[in-house]
Amino acid sequence: MPADLSSVAPEPGSAKPDPILQVEGMRRSFGGLVAVDVEKVEIQRGIITALIGPNGAGKTTFFNLLTGFDEPDGGTRVFDGKNIDSKTPHQLARMGMVRTFQLTKSLTKLSVIDNMKLGAKGQRGESFLVSIIPPLWSAQEREIEARADDLLRRFKLDHMREQYAGTLSGGQRKLLEMARALMSSPSVICLDEPMAGVNPALTQSLLEHVKSLREEGITVIFVEHDMDVVRDISDWVVVMAEGRVIAEGPHETIGKNQAVIDAYLGAHHDADLDLDAGEEAVIPPPEDSANGEEE
Amino acid sequence: MTVLLAAVDWGQIFKLTVSSSLGVDAMVFAMAAIGLNIHFGYTGLLNFGHVGFMAVGGYGVGVAIATWGLNPYLGLLIGIVFALILALLLGLPTLRLRADYLAIVTIAASEIIRLLARSTTLRPWTRGTEGLNEFAGEFYNLSPFDKNLYDWGPFFFTANNLFIVIVGWITTVLMALLVWQLMRSPWGRVLKAIREDEDAARALGKNAYWYKLQALMLGGAIGGAAGMFQVIAKSTVQPDTFQPVITFFIWTVLVLGGVGRVWSPIVGSMIFWGLLALVENILRQFVNEGFISSVIMDSNQVGIFRFITVGLGLMTLMVFRPQGIFGSREEMALDAR
């Protein structure tokens with residue numbers, strides 16, 4: 001059951017009762033451009049946290065920094081009480097934090113079932129010397145295969161089991177990538193735009209899958225653009241703009257937050273386009289512009 | 001025309017073709033291509049200096065026996081160790097970087113090795129361009145074949161060649177079986193995942209760098225073994241047998257058979273060398289019998305022309321069967337997406 005966040009102040013950097021991830025002072029700049037500059041963010045265990053923000057807000061860079069795919073210029077990250085600043089992506093995955101990618105990375109020339117089996121952790125047969133002697137790993141392989149088949153059924157991909165992953169549709173690849181990530185029994189799953197490019201019918205089932213992760217006690221962090229989706233499934237929303245966290249809170253408060261509205265629509269979006277009053281006019285009166293062209 | 005063709009000894013051509021497709025070169029290239037297949041076919045590593053592994057393997061065994069006077073079997077071990085060290089030297093700095101860096105480094109390294117071997121500095125060990133000779137005798141003492149020449153039907157070998165070819169092909173098949181076993185194991189699955197998308201493998205908890213290094217070492221050791229078989233078969237190790245073009249012949253063999261398939265290096269190599277012998281012997285007889293006027297081609301040009309024909313054959317293959325002999329069209333189509 002998701003923890004009660006009603007006591008948490010809906011403001012950037014607010015402390016959570018039971019954080020699984022804590023980020024402090026994380027910065028990443030590309031040349032002169034500061035892509036991410038997050039003072040403090042905590043992610044509550046066992047809930048669905050949405051990370052939203054306009055294009056170029058630094059959401060994906062933030063994800064890359066979080067999961068070790070990119071190195072921050074500074075700052076600390078703590079996962080489940082342990083400092084993870086120097087951890088590589090594969091070490092983080094083994095610790096229980098897996099991610100998916102915005103552009104799906106289905107391993108096209110591997111079958112769907114092999115994609116799934118790859119996700120399992122602690123495989124004895126993945127060591128070179130052990131792999132030569134099948135009896136040492138075949139029992140574990142059967143267990144993994146059974147688990148993979150269960151997940152494939154749950155994600156309704158079981159009919160594609162033996163197909164190359166490259167033959168799947170875009171939406172099916174998203175499903176496969178999520179299912180594959182689950183093979184490692186993660187405690188945190190970071191989904192980078194799981195709904196992008198997925199048809200509406202499939203979106204619904206993807207949403208159900210994400211919700212069911214929460215029921216299993218998995219912490220979900222996801223990047224999303226579609227506000228309906230965010231409203232539907234997220235327990236907590238973190239809003240980024242220009243690399244900073246500008247707002248946090250349950251989705252009800254986010255929609256009314258002035259900083260968020262400004263970030264998405266621009267600070268002067270509700271200023272009147274008063275065409276009669278000359279001084280404040282954003283667009284010059286039509287007659288003037290017409291004259292200008294004639295000159 | 002039929003009268004003319006009847007003068008050609010087709011039996012002889014057939015015999016030389018079959019013997020060549022099972023001969024020392026075919027065996028060595030099949031083995032080397034198995035190593036390259038682990039690199040490129042299964043792990044996606046761009047190795048354009050595979051001949052470098054053959055060179056260090058060959059020189060390892062040659063120098064150990066001829067220069068250092070060590071036990072020949074220890075020499076074999078040293079050849080493999082040299083290949084493994086080369087793999088580490090090449091892999092440690094480059095495998096963290098993008099794939100192209102390994103390609104650049106391997107092609108340069110293979111030339112550095114050849115030039116070092118023929119340099120005056122290393123002359124006390126490698127004997128420069130002359131190379132090392134007469135060190136393989138110990139191995140042939142094991143040979144049960146004592147006749148000068150073995151001429152069975154289409155097979156035609158000297159005693160020493162027959163011995164090394166039999167041992168070599170058995171080793172090659174065992175290596176292919178090893179690759180088959182590895183690639184159906186979870187270890188091979190990780191390699192294939194890295195070939196498809198390294199980041200995905202890392203996101204799933206696989207140490208891609210370490211797996212790539214393992215693959216480079218395994219394929220390099222097999223390449224080194226191929227080099228050892230080559231120098232033992234010829235009883236000589238000379239720097240200029242390890243020209244960069246050898247690397248590309250190995251690539252040809254691999255692409256011909258089909259990349260990422262267990263048996264393709266073996267079949268690819270047999271076809272490659274069989275085809276070369278077939279074209280050469282047909283042309284040679286035609287030239288000798290006067291079917292081809294010496295204005296067009298003399299017997300000295302046959303050797304070069306056979307490569308032109310094989311090149312044309314490869315181009316045709318790439319147009320009509322780009323996946324190679326064993327490759328799957330379905331997989332090729334996935335790349336295009």
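All values derive from a computational prediction rather than experimental measurement.

Novice: Looking at this model, I keep getting lost on the sheet that holds strand 4 (residues 74-79) of chain A. Mind explaining?
Specialist: To summarise the sheet geometry, strands pair through backbone hydrogen bonds and adopt either a parallel or an antiparallel arrangement. All names here are of chain A. The 4 strands are arranged 2-1-4-5 in an open sheet whose pairing can be described as antiparallel. Looking at the sheet topology across the chains shown, the edges are occupied by strand 2 (33-44) and strand 5 (82-83). Two elements, strand 1 (residues 19-30) and strand 2, share 10 bridges in a ladder whose sense is antiparallel. For P19, the partnering residue across the bridge sits in strand 2 and is Q44. Against the sheet, helix 1 (residues 59-66) makes contact with strand 1, strand 2 and strand 4, and its axis sits at roughly 65° relative to strand 2, the strand it touches most.

Novice: What is the right way to look at the interface of chain B and chain A in this model?
Specialist: Often, the extent of an interface is quoted as the loss of accessible area upon association of its parts. Contact residues are listed per partner, giving 24 residues for chain B and 30 residues for chain A. Going through the elements one at a time, helix 9 (159-183), helix 10 (186-196), helix 11 (198-203) and helix 16 (329-336) of chain B are the ones with two or more residues in the side of chain B that touches chain A. The element contributing the most residues to the side of chain B that touches chain A is helix 10 of chain B, with 7 residues.

Novice: Even after reading the chapter, I still don't get the pairing of strand 9 (residues 236-241) of chain A, so can you show me in this structure?
Specialist: The two faces of a sheet get side chains in turn, since along a regular strand they alternate between them. Residues and elements named next belong to chain A. Across the 6 residues that make up strand 9, a large majority, 6, are buried. As paired strands, strand 3 (residues 48-52) and strand 9 are joined by 4 bridges and run parallel to one another. Following the sheet pairing, T49 is matched in strand 9 by W236.

Novice: So what exactly am I meant to see when it comes to the nonpolar core here?
Specialist: Judged by nonpolar contacts, the single largest core of 177 residues is most densely connected at A:A179, A:V239, B:F29, B:M31 and B:F229. The element contributing the most residues to this core is helix 12 (residues 208-234) of chain B, with 15 residues. If sequence neighbours within four positions are ignored, B:M31 has contacts with B:T171, B:T172, B:M175, B:I222, B:A225, B:A226 and B:F229.

Novice: Looking at this structure, I do not really get the pairing of strand 2 (residues 149-152) of chain B. What am I missing?
Specialist: Residues and elements named next belong to chain B. Both strand 2 and strand 3 (residues 155-158) contribute to a ladder of 4 bridges, which runs antiparallel. Counterpart to D151 in the pairing with strand 3 is F156. Between strand 2 and strand 3, which pair antiparallel and follow one another directly, the connecting turn spans 2 residues, one of which, G153, has a positive phi of 50°.

Novice: Please clarify how the environment of B:W187 should be interpreted in this entry.
Specialist: As for its position among the elements, B:W187 is in helix 10. Placed 165 residues apart in sequence, B:W187 and B:L22 show a C-alpha to C-alpha distance of 32 Å. Dropping the residues within four chain positions of it, B:W187 is found in contact with A:G125, A:E126, A:S127, A:F128, A:S131 and B:L182.

Calculation criteria
Residues numbered from 1 in each chain as written. Chains lettered and ligands numbered in written order. Predicted model: local features only at pLDDT ≥ 70, side-chain atom pairs only at ≥ 80, totals over all residues. Pairing = 2+ DSSP bridges. Helix = DSSP H or I, 4+ residues; strand = E, 2+ residues; numbered from the N terminus. Contact = placed C-beta atoms within 7 Å. Axes fitted to C-alpha atoms, helices over the stretch in contact; angles between N-to-C directions. Buried ≥ 20, exposed ≤ 12 C-beta atoms within 10 Å, placed from the backbone. Core = buried A, V, L, I, M, F, W, Y, C linked by C-beta atoms within 7 Å.

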